[in-house]
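# Structural overview
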Amino acid sequence: MKKLVTLFISLILSAQVMATIKVNGAGATFPYPIYSKWFSEYKKVKPEVQFNYQSIGSGGGIRQLIKQTVDFGASDAPMKEKDKKKAAWPIKHIPTVLGAVSVAYNLPSVKKLKLDGQTLASIFLGKISNWSHPEISKLNPGVTLPKEDILVVRRADGSGTTAIFSDYLSTISKAWKSKVGQGKSLKWPVGIGSKGNEGVTATVKQTTGTIGYIELAYALKNNLKTIALKNQAGEFIQPSVKGVSLSAASLKNKGGKVTTSIVNAPGKGVYPISAFTYILLPIKEETVELKEVKNFLNWALTKGQGMTKELHYAPLPKALAKRMLKEIR
Amino acid sequence: MINENESFIEESTKFNNLVDSNCTKSKVFNFSYQLQDKINYYLIKSFACLVILLLIGLVAMLIYSALPAMEEFGLGFAFGDDWNPVEDEFGALPFLFGTLITSFLALMLATPVSVGVALFINEVLSKKLAAVVSLFVEMIAAIPSIVFGLWGVFYLAPFVKETLTPVLKSSLGFLPFFQGASFGIGILTASLILALMIIPTITSICRIVFKTVPTLQKEAALALGSTRFEMIKIALLRPSFSGIMGAIVLGLGRALGETMAVAMVIGNSPSISASLFSPAATMASVIANEYTEADSDLHLSALCYVGFLLFIVTFTINGLARFIVWNQSKKVGG
């Protein structure tokens, strides 16, 4: 009995000696699958650091960071100037992976569908409300389009996916920019709202005549038919991890700031609706936790990048990852 | 109330003094009975006060966080039909409309069914069977609302689109409520789900109410030569009116605040339209949907304002229904 007690006590003591460093983060839901994979893999490399990430949404992550209740934040969209001013220190944006928004549709008789940005905007504005509209058939010669009503499906909840999608539509269509604009929640002219990527996926999957935007991973996992979108080079590109990484490579030409939007990027093979997701680092005196976040980022931007593809995220272009590694230090 | 309690304490202390003189003191605790009662009284009183304080604190917090939106939009917020997060323009009328229309439709569907089920269980079934059937009805209440929502998305919405809508359009299509395109997701589907969710609430309360009607009264009606149906009408339903109203109010309370299941099937489009096939949005669903990613302060505050409005709506409707019940029970009682 005595032995057992001493063993127990020594166990507790030894656990305290190997005290874990707890690092708290909060923010975007979109990169949550890859982040949680990274954290669990990183634990094998450095078991004494424990990451606790709450996927409460980008807005919540930014709020928590400003309130200083977390060590790092995460957001799909760069912080607004107004929010930056509220923070006690300057905030650095570190892109971790890239995500793409794919446009899925449900027309059993149509196997392949091509659209350009203008037509897509007109559909989501409600100006084109039938699949047999001449503007759609002009882009799809040889395809017989059904005389069916178009049902637009969109996100009901505020979302980074909506922000990226509306960023693209605002960039490409003046009518969209003036009537709807860009944001995480919008005033939609038409359509029904479903909750979450999974909600939109379900609605598109079971209702014919629908068109909706979802994250790439959802379209691939659920075998939804996606629209080939026209990029700046004039090619019609199906959404893919490769096309997304190519759009990030265009950053060099845009002055290189990582917070610039990369929708409708120039270049061959580029898929036009994609964006970075960021980890937000406060620039302040280095605490133990902050140091661990930086260590983790060093790992995530090198070894971690190899794990992105199986989860349908696009890795950062190598040159950009290298530049970020320098900036973190 | 307090006076009553105090007189009760006085009486009970008298009684305790009597007991005390007989068996000296309580052996387990070294308290006198008098002290025990006092401690009990204050303990229970503090719990009751805590509940009231919680309610007040909740409302105060809600108002505090809604203050920026209240200053910006004033009372016109409840009548504005523009909800545009990009432009920071907010009005709650579409959500008010969505909440009220789905809840009332659900009540219209659920009330006759629930009263019927309650009557059937109480008056027709044998006691053993009644216990089994009522168990099943009450089990519906235990289903989490997210499960209702999933069922709504995957089963009910396609059913409404493919089966119910064509029937309604061909029979009642001349009414504006049943016109326009249907995608299976909208006001009608949300109301159907809500109706299902509140049926167990209304049914079980109705059953309790029907049980309070004395058997003598029912037998008297039968003895006077009424049929079973007439007996139910005269001796059961009429005196239970206020009780049924109470049951409906409790059902309405659940319908007004229901969030997840509704958010999944209503289409979440802040628009006002006469057609029951069109999508809408409710106050609870918009809060749940937009709260996490609301990044402008005004947006967040407007959502809190919507929450405050929802509170007022439920409060008013509850009060109104209580007033009706109280009025009616006075009539029946007197």
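Residues numbered from 1 in each chain as written. Chains lettered and ligands numbered in written order. Predicted model: local features only at pLDDT ≥ 70, side-chain atom pairs only at ≥ 80, totals over all residues. Heavy atoms only, no water.

We now examine the overall build of chain A. In terms of regular secondary structure, chain A is built from 13 helices and twelve strands. Across its three principal axes, chain A shows a C-alpha extent of roughly 85 × 50 × 35 Å. Going through the 329 residues of chain A one by one, you find that 55% of them count as buried. At a minimum sequence separation of 6, the contacts of chain A that also span at least 24 residues come to 73%. Element-wise, carbon and sulfur atoms account for 56% of the exposed surface of chain A, whose accessible area totals about 14900 Å². Positive and negative side-chain charges of chain A, numbering 48 and 21 respectively, have mean locations separated by a distance of 3 Å. (Helix = DSSP H or I, 4+ residues; strand = E, 2+ residues; numbered from the N terminus. Buried < 20%, exposed > 50% of the residue type's maximum accessible area, 1.4 Å probe, protein only. Contact = heavy atoms within 4.5 Å. Areas by Shrake-Rupley, 256 points an atom, 1.4 Å probe, with all protein chains shown as cover. Lys, Arg positive; Asp, Glu negative; His and termini not counted. Charge placed at Lys NZ, Arg CZ, Asp CG, Glu CD.)

The next subject is the UniProt feature "domain: ABC transmembrane type-1" (unreviewed entry) in chain B. Feature annotation in UniProt places "domain: ABC transmembrane type-1" (unreviewed entry) on residues 96-321 of chain B, given in this structure's numbering. Taken as a whole, residues 96-321 of chain B contains 77% helix and 0% strand, while its terminal C-alpha atoms sit 19 Å from one another. (UniProt positions renumbered as here; feature names shortened; annotations may be inferred.)

Right, let's get into a nonpolar patch on the surface. Residues Ile143, Ile146, Val147, Leu150 and Phe154 of chain B make up a contiguous nonpolar surface patch of about 420 Å² in total accessible area. With respect to the helices, strands and loops of the structure, Ile143 of chain B is situated in the loop between α4 (127-142) and α5 (145-172). (Patch = residues over 30% accessible without salt bridge, like charges linked within 9 Å, V, L, I, M, F, W, Y side chains within 5 Å. Salt bridge = Lys/Arg side-chain N within 4 Å of Asp/Glu carboxyl O.)

Okay, the nonpolar core next. Looking at soluble globular proteins, one finds that nonpolar side chains tend to be buried together. Residue and element names in this part refer to chain A. In this structure, Leu120, Phe124, Phe165 and Ile211 are the most contacted members of the largest nonpolar core, which totals 89 residues. The biggest single contributor to this core is strand β4 (residues 91-106), with eight residues. Two domains each provide a minimum of three residues to this core, namely domain 1 (17-98 + 277-328) and domain 2 (100-274). Those residues in contact with Phe124 that lie beyond four places of it in its chain are Val152, Val153, Phe165, Leu169, Trp176, Trp188, Pro189, Val190, Ile211, Gly212 and Tyr213. (Core = buried A, V, L, I, M, F, W, Y, C linked by side-chain atoms within 4.5 Å. Domains from an automatic or database assignment.)

This part is about unusual backbone geometry. In this model, Asn223 of chain A sits at a positive phi of 50 degrees, which is unusual for a non-glycine residue. Residue placement: Asn223 of chain A occurs in the loop between α10 (216-221) and β9 (225-226). Here Asp88 of chain B, not a glycine, exhibits a phi torsion of approximately 55 degrees, which is positive. In this structure, Asp88 of chain B sits in the loop between α2 (33-73) and α3 (93-124).

Bringing the packing of α3 of chain B against helix α6 (residues 187-211) of chain B into the picture now. All names here are of chain B. Where α3 contacts α6, the two axes come as close as 5 Å, and the packing angle between them is 40 degrees. Classified by the angle their axes make, α3 and α6 are oblique. Between α3 and α6 lies a crossing whose hand is right-handed. By residue class, the composition of the contact of α3 with α6 is 23 nonpolar, seven polar and two charged. (Axes fitted to C-alpha atoms, helices over the stretch in contact; angles between N-to-C directions. Parallel < 35°, antiparallel > 145°, perpendicular 65-115°, else oblique. Left-handed = near helix turned anticlockwise from the far one by under 90°. Nonpolar A, V, L, I, M, F, W, Y, C, P; charged D, E, K, R; others polar.)

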